[in-house]
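Remarks on the overall topology
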Amino acid sequence: MRNAWKITGLIGSAAIAISACSSPGSPRTPDAAPAATSSPSSGAPAAPTWAPRTPDALLLTGRATDPGVHIIQASTGETMLDLPAGAPATAEWQRMIVAAPHAATTTVSDVFVQPGLDGPDVVIDGAWRLPTIGYEPTPVGLSADGSTAVLVEATSAPEGPSAVSRFAVLKIDPLEGAPQILELSGSFEYDAISFDGHVLYVVEHLTGEGSAYQVRAIDLPAGTMRDGIIADKRNLGEAMAGWPIAQLRSPDGMVFTLYRGLEHPFIHALNTTDGWAICIDLPAAHTDDLEAALHWGLTASSDWSTVFAANAALGIVSEVDTAELSIRRSVTDASVGVTDRAVALGPSIDLAKFGHEAGGPVGRRIVIAPDGKTAYAAGPDGIVALNTSDLAVTARLLNGASVDGLGITPDGSALFALLHDGGRIVELDPANGHVFGTVPGDGFNRLLAVVPW
């Protein structure tokens, strides 16, 4: 079987930008995230006549009703390229690994994002899928060097004292051969894989201890679990609990996962190369409010010296020093936002590339302008612009509109905002909030790349 995906006229690729340390007792990750609503919002901007900047832009988008993603022209809404629901095997999304489960088998495909080029397929026994993190629908599970893919069972994660968890590990450079099947006694979920594909990190849920869990490491391809657990090396005795909201994977093998905990949110910084972790506590506010917690987002500076965690619903922005793995500063301005509903979105894609054009920063809840001077945080009451030098609020855009995702053109001249109500995308001037126009179409739940065209 070869490509069932439709390529309608553009050769493209996109580069992905994108375990806990809280007291036991936090609930586990829900089976499904809340869906976007289409109820009217008094603060949502009207759709003006389209008057986009020049040049136009291409947007990588997705809808909750469609597992694939699509590149569309901003001014017309025309679909330029359809991509399957897969994970990128290269930094530029030139290849994608796609797992399509059937009743008793799964077809794994190596899809080249270019007309006329076909990669291999393999059919393996069992129903498998690529893993996802938290509420993010875009699949992960590939090592950064493009050598290894990890699949999880397509059914719900096993629970209870007699649970057995299974993972399938495939070599994908090239995609060939039978998978290595790992069977673990207990309830385990995918967490991360090392840069070189040699170590798989999994979250083990502890039976009879609420939502408590521990992170374990499995050496591949031997398939043996290492003794001991991956604990916070600054607080070795601290219990771990919570559930993931967002994750960033840095080029050097660090994985930053933002969790909601019972006492406070936190970032679990995992060094997948050397097998150690640090937990970074974020300011505690409304920890019992699940919807507000889902407004957390992560993004990184272009040199990865800083990771920003923001929640415009709670009015919290924290700056993490990635060298020291500690909070450099935080602001907790209650006027930044108010609690409202949330929606599941895909992970951030940073510096995406389509053809030879470099894309701008895109994020689930926060992005940094290309010049590094301004951060934009999305929330239930619009967009907050912050000065990255001191995290001071400098402007508020789209007041009254619930915003679920952001993307900026590489030159910083236009900001695209994904509106919660109706899943519409608007283009605005980041300097003054003027709305250039609304992208034709609605029902979008992901904005994954913005590329000039």
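1. Looking at the overall build of the protein
For the protein, the helix and strand inventory stands at 1 helix and 36 strands. Per-residue burial over the protein gives 56% buried out of 453 residues.

2. Concerning the sheet that holds strand 19 (residues 266-271)
Spatially, 17-18-19-20 is the arrangement adopted by the 4 strands of the open sheet, whose pairing is antiparallel. Either end of the sheet is taken by a strand with one partner, and the two such strands are strand 17 (243-249) and strand 20 (276-281). Mean inter-strand twist for the sheet, computed between neighbouring axes without regard to direction, equals 20°. The sheet contact formed by strand 17 and strand 18 (residues 254-260) spans 6 bridges and is antiparallel. Looking across to strand 18, one finds that Ala-246 is bridged to Leu-258.

3. Some points on the nonpolar core
Formed by 26 residues in total, the largest nonpolar core has its most connected members in Ile-245, Phe-256, Leu-258, Ile-267, Trp-296 and Val-307. Secondary-structure elements contributing two or more residues to this core are strand 17, strand 18, strand 19, strand 20, helix 1 (290-293), strand 21 (297-300), strand 22 (306-311) and strand 23 (316-321). For Val-307, the residues in contact, after removing those within four places along its chain, are Leu-248, Phe-256, Leu-298, Thr-299, Ala-300, Ser-318, Glu-319, Val-320 and Thr-322. The next biggest cluster of nonpolar side chains, apart from the first, holds 18 residues, and it includes Leu-398, Ala-401, Leu-406 and Val-426.

4. Points about the pattern of salt bridges
The full count for this structure, using the stated rule, is 8 salt bridges. Note that Glu-319 is salt-bridged to Arg-329, the shortest N-O span being 3.1 Å. Of this pair, Glu-319 sits in strand 23 while Arg-329 is found in strand 24 (residues 326-332), placing the two residues 10 residues apart along the sequence. Among the charged side chains, a salt-bridge network with shared partners connects Glu-319, Asp-321, Arg-328 and Arg-329.

5. Looking at the environment of His-198
Along the chain, the position of His-198 falls in the loop between strand 12 (187-193) and strand 13 (199-205). The partly exposed category is assigned to His-198, whose relative accessible area is 42%. For the pair His-198 and Ser-143, spaced 55 residues apart in sequence, the C-alpha to C-alpha distance is 8.7 Å. Not counting residues within four places of it along the chain, the set of residues in contact with His-198 comprises Ile-218, Asp-219 and Leu-220.

6. Re the confidence of the model for the protein
On average, residues of the protein score 79 in pLDDT, and 76% of them reach the 70 mark or higher. Here residues 1-20 is a poorly scored stretch, pLDDT under 50, and it has 92 contacts once near neighbours within four places are set aside; other chains count. Between residues 334-356, whose pLDDT stays under 50, and residues either more than four places distant or in other chains, the model counts 111 contacts.

7. Digging into the sheet that holds strand 10 (residues 164-171)
The strands that make up a sheet are held in pairs by hydrogen bonds between backbone atoms, and each pair lies either parallel or antiparallel. Taken in spatial order, the 4 strands make up an open sheet running 8-9-10-11, and their pairing is antiparallel. Of all strands in the sheet, those bounded by a partner on one side alone are strand 8 (128-129) and strand 11 (180-185). Inspection of the sheet shows strand 10 paired to strand 11 by 6 bridges, in the antiparallel sense. Among the inter-strand pairings, Arg-166 is bridged to a residue of strand 11, identified as Glu-183.

8. Digging into the packing of aromatic side chains
Aromatic ring pairs: the centre-centre distance and the angle between the two ring planes describe each pair. With the rule as written, the count across this model stands at 2 aromatic pairs. A centroid spacing of 6.5 Å and a plane angle of 20° characterise the contact between Phe-256 and Trp-304, whose relative ring orientation is stacked. One end of the pair, Phe-256, is in strand 18; the other, Trp-304, is in the loop between strand 21 and strand 22, and 48 residues separate them in sequence. In this structure, Phe-256 and Trp-304 share a single accessibility class: buried. With a centroid separation of 5.4 Å and 10° between ring planes, the pair formed by Tyr-259 and Phe-266 is classed as stacked. In terms of burial, Tyr-259 and Phe-266 fall into one category: buried. When the ring centre of Phe-444 is taken as origin, the NZ or CZ atom of Arg-63, which lies over that ring, is 4.1 Å away.

Each value, and the rule that gives it
Residues numbered from 1 in each chain as written. Predicted model: local features only at pLDDT ≥ 70, side-chain atom pairs only at ≥ 80, totals over all residues. Heavy atoms only, no water. Helix = DSSP H or I, 4+ residues; strand = E, 2+ residues; numbered from the N terminus. Buried < 20%, exposed > 50% of the residue type's maximum accessible area, 1.4 Å probe, protein only. Pairing = 2+ DSSP bridges. Axes fitted to C-alpha atoms, helices over the stretch in contact; angles between N-to-C directions. Core = buried A, V, L, I, M, F, W, Y, C linked by side-chain atoms within 4.5 Å. Contact = heavy atoms within 4.5 Å. Salt bridge = Lys/Arg side-chain N within 4 Å of Asp/Glu carboxyl O. pLDDT = per-residue confidence, 0-100. Phe/Tyr/Trp six-rings, centres within 6.5 Å; stacked < 30°, edge-to-face > 60°. Lys NZ or Arg CZ within 6 Å of the ring centre and 35° of its normal.

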